[in-house]
Amino acid sequence: MAENELKQIVSQLDSLKANNLSEAPKLLSRAKLALLNLNALVPTEKTQPQHLALAASVLEYGALISIRLQDTDAFTRYFQQLQPFYFLPSDRSPSRRQSNQGKVTGLYLLLLLSVGDYAGFHTVLEGLEASSGKEQIEKDDFIQYPVRLEQALMEGSYDKVWGETKGERVPSEEFGVFSEVLVNTIRSEIASCSERAYPSLPISNAKNLLFLDSEGAVIQFAQSRGWVAKEGRIYFPQQEEEMLAAQKDVMSSSNVVIENTLGYARKLETIV
Amino acid sequence: MADKMDVDAVSGAREEETVGPAPDLPPERIIINNFDLIRQAVDAFDSRFILRALRSISTLRKSDKFAEAIVQGVRTAFPKPTMGARKVLEDMLPENVTAMQNGTSSSGEDKKRDGSTEEQQLPEIWAYLGILVQVYLYDSQQFQDGADFSTNFVEKIRSWNRRTLDQIGAKAYFYYSLFHESLDPKPPSKQSPVIEVRPKLLAALRSAVLRKDNDTQAAATVLLLRNYIITADITQADLLVAQTQFPSAASNNQVCRYLYYLGRIRAIQLAYTEAHDHLESATRKSPTAGPAVGFYQQSMKLLIVVELLMGDIPERSVFRQPALETALYPYFKLVQAVRVGDLQAFLRCVTNNEGQFRKDGTYTLILRLRQNVIKTGVRMLSLSYSRISLRDICTRLHISSEESAEYITAKAIRDGVIEATLDHQNGHMVTNPQRDAYSTTEPSEAFHARIEALLNLRDECVMAMRYPMNKHRQELSEAAKAREREKELAKEIIEGEGDDADGDEGGFEGM
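Residues numbered from 1 in each chain as written. Chains lettered and ligands numbered in written order. Predicted model: local features only at pLDDT ≥ 70, side-chain atom pairs only at ≥ 80, totals over all residues. Heavy atoms only, no water.

1. Looking at the environment of Ile234 of chain B
One can find Ile234 of chain B in helix α13 (residues 234-243). With residues up to four places along the chain from it excluded, the contact list for Ile234 of chain B reads Thr123 of chain A together with Ile265 and Ile268 of chain B. (Helix = DSSP H or I, 4+ residues; strand = E, 2+ residues; numbered from the N terminus. Contact = heavy atoms within 4.5 Å.)

Below you can see the structure in the form of structure tokens.
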């Protein structure tokens, strides 16, 4: 019945190859229905251990497959559904999930990082530190990867981020999905830094700085950001605008001063 | 010390005023005197008397005859051994004490019994005794009993729904959650009993809001926040803050705690400016001496870390306060490392004091400081040199590669940490000459901020003044009386005038 069907689906999911991933969502929704029949989609006191293990593995497959399909919303849903399973007491939780828990959590952290949700990232990390202890986190390569990335990003060592996203440093193929997003993030970060830091830059150097493949790509990128490329150099156009803005600031501040002074007068009146 | 600090962080703030009524009285006298205070409170509907009664708890619990005193109090309030209320309380106290008291005090009680047997005892007095029992159980480490007793106790208080019980109720919930926190498995674990307390506290919060019961509302909010933070459910704590309103009439100590937890949540979410505001008011409002100093230290630690994260350096005088000096020593070292931008010293400090930082719950925040240390280092270099090569930056700041150094300085320039430009071909960082601060709007902004702060302070002072209840009615009746008197006076004058007129006339006639 439902249990056998589930086992069958799990083995099918296991043997799915990259080329027919599109079938996975159908299998997954069938699996979830079966779980509902077993009353195991949400763990309760009465759920049997083998059902728990099945449910956790179905949801983990769901999470990993949705990452491969680049469906981040579905992945977030699976992650949330998995949470109650991860916080079960250790004597009731299925034993083999250890490896995948780190993977799924690491992926979720990376997802938060790639959309720039640093507050969410640290909130999840704080929860991990409190619930599973430091040693386990430091051992877990899947979790250390996003942690390292975050540190490098915040510090500004973008070359380290670039290094981490290279093929051999990524801990598993699912993590590779985010590499592209991350590279784009750091490229725009570097671009906004360069605008302020350099008066001008030779195109060949910019190619290295921005991790672009060719000088043509650099010129294309420069145009998209509104930079001027001439005589083999890139000129960043922001300075004059900034000066104008500063001038305006002084001019418009007289308004603020008048407003403040009036405010003080009003307050003084209420006090005296 | 460590254990004490933890408890103080929660219970200490409440006990700041240890000036109980005449501390040399024997404990049972204090308890019985407090019955009068409570009666007075119920009659006059004035919560201040209840607060005064609760304040003496810290004196009482230090007495070595605390249990005996409670038993005597219970006996005085409920003279009949068959009374249900008495039995519930006495079951929790040690048997030898109750047995002993049975022998000695029965004769004294027989006399009293005649007068008060029929009298129905006030629920407030029973609840007060209940609190004493809770304190006793907590001090004698009977956490399981205490948890069971408290569960029934808070339920009972809630069902009474009396406004004069509010202060006692708030305290009852406090011990209720404290007991559950002390049960195994201890909080960071997800199976801790504190999680089971949540529905109850939420229910308490709901009824408190509906009944406009400020004390319980504040207490329940704070306890829930603590509960969530202790298991690192920051998202839930954040949602709670977003969905509820903290009563503005809450007592100062509750406000302190609320601000502290709020600051903690915001710090974890990287909203440092907000966190700084909350923590600053928390430390300013918290008592800086006495048994609550643990709370002050704790919030000060967090405040220092948040200040560092914002890129500020806390003042040296903070670490010189006698209440803080030893407790903050690891943080002092940390600040020193960050101030000079020495990455090696910073990492050494973190590894040396890891245990302490973990216990304070600041470890993850401190790890985030790494980038600040680097930024400060860059800033120091930029201030000292007008032109410095990237290779030198590398060696000075112990950065692994020249490329990294270039990106890091570029980011520092973008974030406004330093005023400089980079020369890529020659590998130099060139510092721009500093602009004159007085040519910008900065001085006027600073001036405005100060004036604003002072005006707010004044407004808050005015709002914090206490006006006695019904004073205006008294004034009205006085005014009415005065008017009456005036009328009478006017009448008399008129009459008198008549007399005078007569007299005058007579006078004139006489003349």
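2. A short note on the sheet that holds strand β2 (residues 420-423) of chain B
Residues and elements named next belong to chain B. Taken in spatial order, the three strands line up as β1-β3-β2 in an open sheet, and their pairing is antiparallel. In the strand order of this sheet, the two ends are held by β1 (387-389) and β2, each with one partner. Neighbour to neighbour, the strand axes of the sheet diverge by 20 degrees on average, direction disregarded. Judged from the four bridges that link them, β2 and strand β3 (residues 428-431) form a sheet pairing that is antiparallel. Paired with Thr421 across the two strands is Val430, which belongs to β3. Of the strands in this sheet, β1, β2 and β3 are in contact with helix α22 (residues 390-397), which crosses β1 at around 75 degrees. (Pairing = 2+ DSSP bridges. Axes fitted to C-alpha atoms, helices over the stretch in contact; angles between N-to-C directions.)

3. Re the packing of aromatic side chains
Scanning the model with the defined rule gives 18 aromatic pairs over all chains in all. Seen in terms of ring centroids, Phe211 of chain A and Tyr407 of chain B are 6.0 Å apart; in terms of plane orientation they differ by 35 degrees. Their pairing is tilted. Highlighted residues: Phe211 of chain A in the loop between α11 (203-209) and α12 (215-224) and Tyr407 of chain B in helix α23 (residues 402-414), drawn from two different chains. Like Phe211 of chain A, the residue Tyr407 of chain B is buried in the burial classification. Aromatic pair Tyr138 of chain B and Phe179 of chain B: ring centres 5.8 Å apart, planes at 65 degrees, arrangement edge-to-face. With a gap of 41 residues between them, Tyr138 of chain B in helix α8 (residues 123-139) and Phe179 of chain B in helix α10 (residues 166-182) connect regions that are remote in the sequence. On the accessibility criterion, Tyr138 of chain B (13% relative accessible area) is buried. The exposure class of Phe179 of chain B is buried, given its relative accessible area of 0%. (Phe/Tyr/Trp six-rings, centres within 6.5 Å; stacked < 30°, edge-to-face > 60°. Buried < 20%, exposed > 50% of the residue type's maximum accessible area, 1.4 Å probe, protein only.)

4. Thoughts on the nonpolar core
All names here are of chain B. Judged by nonpolar contacts, the single largest core of 200 residues is most densely connected at Tyr128, Leu129, Leu132, Leu334, Phe346 and Ile366. It is α8 that contributes the most residues to this core, twelve residues altogether. Both domain 1 (2-324) and domain 2 (368-438) contribute no fewer than three residues apiece to this core. When residues no more than four places from it in sequence are discounted, the contact partners of Ile366 are Val305, Tyr331, Leu334, Phe346, Val350 and Phe357. (Core = buried A, V, L, I, M, F, W, Y, C linked by side-chain atoms within 4.5 Å. Domains from an automatic or database assignment.)

5. Re the domain arrangement of chain B
All names here are of chain B. You can read the domains of chain B as domain 1 (2-324) and domain 2 (368-438). Counting residues at the interface gives eight residues for domain 1, matched by four residues for domain 2. Interface of domain 1 and domain 2: buried area, both sides summed, is about 460 Å²; carbon and sulfur atoms make up 51% of it. Linking domain 1 with domain 2 are zero salt bridges, by the criterion used here. The interface formed by domain 1 and domain 2 contains five residue pairs in polar contact (both at pLDDT 80 or more). Taken together, the elements giving at least two residues each to the side of domain 1 that touches domain 2 come down to α14 (252-268) and α16 (293-309). Class assignment of the residues belonging to the side of domain 1 that touches domain 2 gives a composition of seven nonpolar, one polar and no charged. (Buried area = accessible area lost by both parts, 1.4 Å probe. Salt bridge = Lys/Arg side-chain N within 4 Å of Asp/Glu carboxyl O. Polar contact = N/O pair within 3.5 Å; in protein donor to acceptor, adjacent residues only side chain to side chain. Nonpolar A, V, L, I, M, F, W, Y, C, P; charged D, E, K, R; others polar.)

6. Some points on the pattern of salt bridges
Per the stated rule, a full pass over the model turns up 19 salt bridges over all chains. Among the salt bridges present, the one from Glu155 of chain A reaches Lys160 of chain A, with a minimum N-O distance of 3.7 Å. Among the ionic pairs, Lys200 of chain B bridges to Glu155 of chain B, the shortest N-O distance being 3.5 Å. In this pair, Lys200 of chain B is assigned in helix α11 (residues 194-210) and Glu155 of chain B in helix α9 (residues 143-160), connecting sequence segments 45 residues apart. Residue classification places Lys200 of chain B among the partly exposed residues on the basis of a relative accessible area of 23%.

7. Points about the confidence of the model for chain B
Residue and element names in this part refer to chain B. The share of residues in chain B with pLDDT of 70 or more is 84%, and the mean pLDDT across the chain is 78. Element-level mean pLDDT values for chain B span from 40 in helix α1 (residues 2-12) up to 90 in α14. Predicted confidence is poor over residues 103-118, with pLDDT under 50, and the contacts of this stretch with residues over four places away or in other chains come to ten contacts. In the model, residues 503-511 has pLDDT below 50 throughout and makes two contacts with residues more than four positions away in sequence or in other chains. Interface confidence for the predicted complex, given as ipTM, is 0.73, next to a pTM of 0.75. (pLDDT = per-residue confidence, 0-100.)

8. Thoughts on a negative patch on the surface
Side chains of Glu484, Glu488, Glu492 and Glu495 of chain B sit close together on the surface and give a patch of like negative charge. Tracing the backbone shows Glu495 of chain B in helix α25 (residues 471-510). (Patch = residues over 30% accessible without salt bridge, like charges linked within 9 Å, V, L, I, M, F, W, Y side chains within 5 Å. Areas by Shrake-Rupley, 256 points an atom, 1.4 Å probe, with all protein chains shown as cover. Lys, Arg positive; Asp, Glu negative; His and termini not counted. Charge placed at Lys NZ, Arg CZ, Asp CG, Glu CD.)

9. Re the packing of α8 of chain B against α9 of chain B
All names here are of chain B. At a minimum axis separation of 10 Å, α8 and α9 run at an interaxial angle of 160 degrees. Comparing the axis directions of α8 and α9 gives the class roughly antiparallel. Here the hand of the crossing between α8 and α9 comes out left-handed. Contact residues: Pro123, Trp126, Ala127, Gly130, Ile131, Val133, Gln134, Leu137 and Tyr138 in α8; Phe143, Asp145, Gly146, Phe149, Ser150, Phe153, Lys156, Ile157 and Trp160 in α9. Considered class by class, the residues forming the contact of α8 with α9 number twelve nonpolar, four polar and two charged. (Parallel < 35°, antiparallel > 145°, perpendicular 65-115°, else oblique. Left-handed = near helix turned anticlockwise from the far one by under 90°.)

10. Focus on the sheet that holds strand β3 (residues 233-235) of chain A
All names here are of chain A. Across the sheet, three strands lie side by side as β1-β3-β2; this open sheet has antiparallel pairing. Two strands in the sheet have a free side with no partner beyond their single neighbour: β1 (200-202) and β2 (228-230). Strand after strand, the sheet turns through a mean of 25 degrees between neighbouring axes, direction not considered. Looking at chain direction, β1 and β3 are connected through three bridges and run antiparallel. Within the sheet, the bridge partner assigned to Ser200 lies in β3 and is Tyr235.

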